[in-house]
Each structure stands twice: as structure tokens, then as C-alpha cells.
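Structural characterization, general
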Amino acid sequence: MESIETLTTEEAKLLAQKLKIKKLEFSVQEQSQKNFLPFVRNVWPEFKEGKHHKIIAKKFEEIASGKLKRLIINMPPRHTKSEFASFLFPAWFVGQKPKAKIMQTTHTGELAIRFGRKVRNLMETQEYKKIFKTELQPDSMAAGRWETAQGGEYFAAGTGGAVTGRGADLLIIDDPHSEQDALSDTALDSAYEWYTSGPRQRLQPGGAIVIVMTRWSVKDLTGKLMKKQGELKADQWDVVEFPAILPSNKPVWPGFWKLDELESVKASLSAAKWNA
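Let us look at the structure shown here. (Residues numbered from 1 in each chain as written. Predicted model: local features only at pLDDT ≥ 70, side-chain atom pairs only at ≥ 80, totals over all residues. Heavy atoms only, no water.)

What follows covers unusual backbone geometry. The backbone of R78 sits at a positive phi, close to 60°, despite the residue not being glycine. Mapped onto the elements of the fold, R78 is located in the loop between β1 (70-74) and α4 (81-96). A relative accessible area of 64% places R78 in the exposed class. A positive phi angle, near 65°, is found at K233, a position not held by glycine. For K233, the position within the fold is in the loop between α8 (221-228) and β8 (238-241). (Helix = DSSP H or I, 4+ residues; strand = E, 2+ residues; numbered from the N terminus. Buried < 20%, exposed > 50% of the residue type's maximum accessible area, 1.4 Å probe, protein only.)

When you line up the elements, V265 lands in helix α9 (residues 259-268). In this structure, the C-alpha to C-alpha distance between V265 and A244, residues 21 residues apart in sequence, is 9.9 Å.

With that settled, consider the nonpolar core. Counting residues in hydrophobic clusters, the biggest one holds 52 residues, and the most contacted among them are F36, F39, F60 and F89. Contributions of two or more residues to this core are made by α2 (36-43), α3 (51-65), β1, α4, α5 (109-123), β5 (153-158), β6 (168-174) and β7 (203-213). Among the elements that take part in this core, α4 stands out by supplying nine residues, more than any other. What F89 contacts, discounting residues up to four positions off in sequence, is F36, F60, I63, F84, L170, I172 and V210. Membership of the second largest hydrophobic core comes to 18 residues, among which are A157, I211, M213 and L221. (Core = buried A, V, L, I, M, F, W, Y, C linked by side-chain atoms within 4.5 Å. Contact = heavy atoms within 4.5 Å.)

The next subject is the side chain of S86. By the secondary structure assignment, S86 is in helix α4. We classify S86 as buried; its relative accessible area is 0%. At 2.9 Å, the side chain of S86 forms a polar contact with the side chain of Q104. The residues contacting S86, other than those within four sequence positions of it, are K81, Q104, F115, V119, I172 and D174. (Polar contact = N/O pair within 3.5 Å; in protein donor to acceptor, adjacent residues only side chain to side chain.)

Attention shifts here to the pairing of β7. Along β7, eight of the 11 residues are buried, which leaves the element largely enclosed by surrounding structure. Of the pairings in the sheet, the one linking β1 to β7 comprises five bridges and is parallel in character. Across the sheet, L71 pairs through a bridge with V210, a residue of β7. The pairing of β6 with β7 spans six bridges and is classified as parallel. When the bridges of β7 are listed, L171 appears paired with I209. Since β6 and β7 lie parallel, the crossover through helix α7 (residues 185-197) that links them has a hand, and here it is right-handed. (Pairing = 2+ DSSP bridges. Right-handed = clockwise from strand over helix to strand, strands pointing away.)

This is how it looks when you write it as C-alpha cells:
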């Protein structure tokens, strides 16, 4: 190897440029490992950032650090709710904690498995591997049920689905109700019973729960958990709510939604559903 003293001026400039690039790559990698939004920008170049994303990211980081254990985020459809909570967050979380057990649930098993496939596929990309060393176990890579080489697990289930025998360091519940469920008190009650007798019982000591959902009824899972937390020793929730249209009459995500489009959506819904 040549000594740096023997390099020509042009060779020295080229070496300095390469070192600068390497330093920048290391900085991006370090930021993406520690912070959620840099990770998102790195693996999703087309991402359009809004102020609500910064708030969500901070909460996810508190979950990952152990500072926060119970989180509910209520937000309207098409505001990256599922992209963040059911795709990018579990990928980032398992990158930080490759031995973690993650349970992902949503209102249908098919959709939950689809989320699992997206997380798994992201972990196989070069962009992800440049950030994290977490690897998939080659003989356990089913879309809705896979393991990491370091001993972590991912399990996907729909609302009402069996979760017996599964543990969770991180339980993610993404839209446990469909819009149609809001029309049925029985469906809403069944979802709550399933949560209390199933996923909530599978939580590991020190585990965290993240619930993200669009509210279609005041009797939904958010409503029932808010009522329950008034009881002695019940789970206490950090609740973050994002209306599609802010009190200032501006969109919560102006980089993606126009006010007139949201007002058109509002006009097509009942007041009860819009205000839920």
C-alpha cells in the first residue's frame, strides 16, 4: 500500500472525497439506527414528511427506548398510519432489537400477513442491510411468521385470530375494526374481548403495546380502553390524536392532502363518523 506522502495532488483529492463519502454514509447509518425518521427517509425516498410524522416518530422512539409502554394513535385514513406502524416501525424496531418478539395484528389475517411480507422483504434489501445487521432465519421466512437469525420472532394475526403460544415484546394493533364493524356493537365488543383474552395476555414482561387506528365509533377499542384506564391498576395510555382538518382549518398533512379534498370526504360521512 502506498504511503499518503507518495500520492499525487489528484490522488490525494480523490482519497479525501472517498473518505468524505464514507463519513457521510456512516453518519446516515448511525442516525437511521438511532432515530426513526432518518430511517424512513433512507428506505423510502419518496416519503413526504408532515408535522404529524415527527410526533409519531418521537413516540415510536420512546417505545423502542422503553420510556413509553402504552401508546394509542388515532388518525384518519391515508395519512401513512399503516405504513409507519405496521411496516416501517417493526422493521426499525427489530433492527435495533434483533431478539425481540413482535406480534402484528389488524382487522383481517390477510392484511396482517401482507404487512409481515413487507417487513420481511424490506429487511432483505441492501438499503436495510447497510443500516442494520439483523438477518432473517433462512428456514423460517413465511410472510406472516418469520424469525431472525438472532432469535427474534414476528407473528401476524387478524382480529379474532388465535395467538396461543406466542409472546410479544412489541404488540402492534393496526385498525382492529373495519368501517363496517362500527355498525355492529357485537363486532366492537368481540374485538375488545379478543384483545383482553388474547394479545394482551401474550405480552412479555416489560413489553409495549402500540395501537393505531381510525375511529369510526366511540365504542371502539380506543373508547373501551380509555374507559377501562379509570380503574385501579389498569393500563395507562398515552393517546395522540390527529384530525384530518386541524382547528385552524388547515390539513394535518398539507404536503399530501388539499383542504377541499378533505372537506369533500367530510361531506360524504355522517357527523358521528367524522367526529369519532
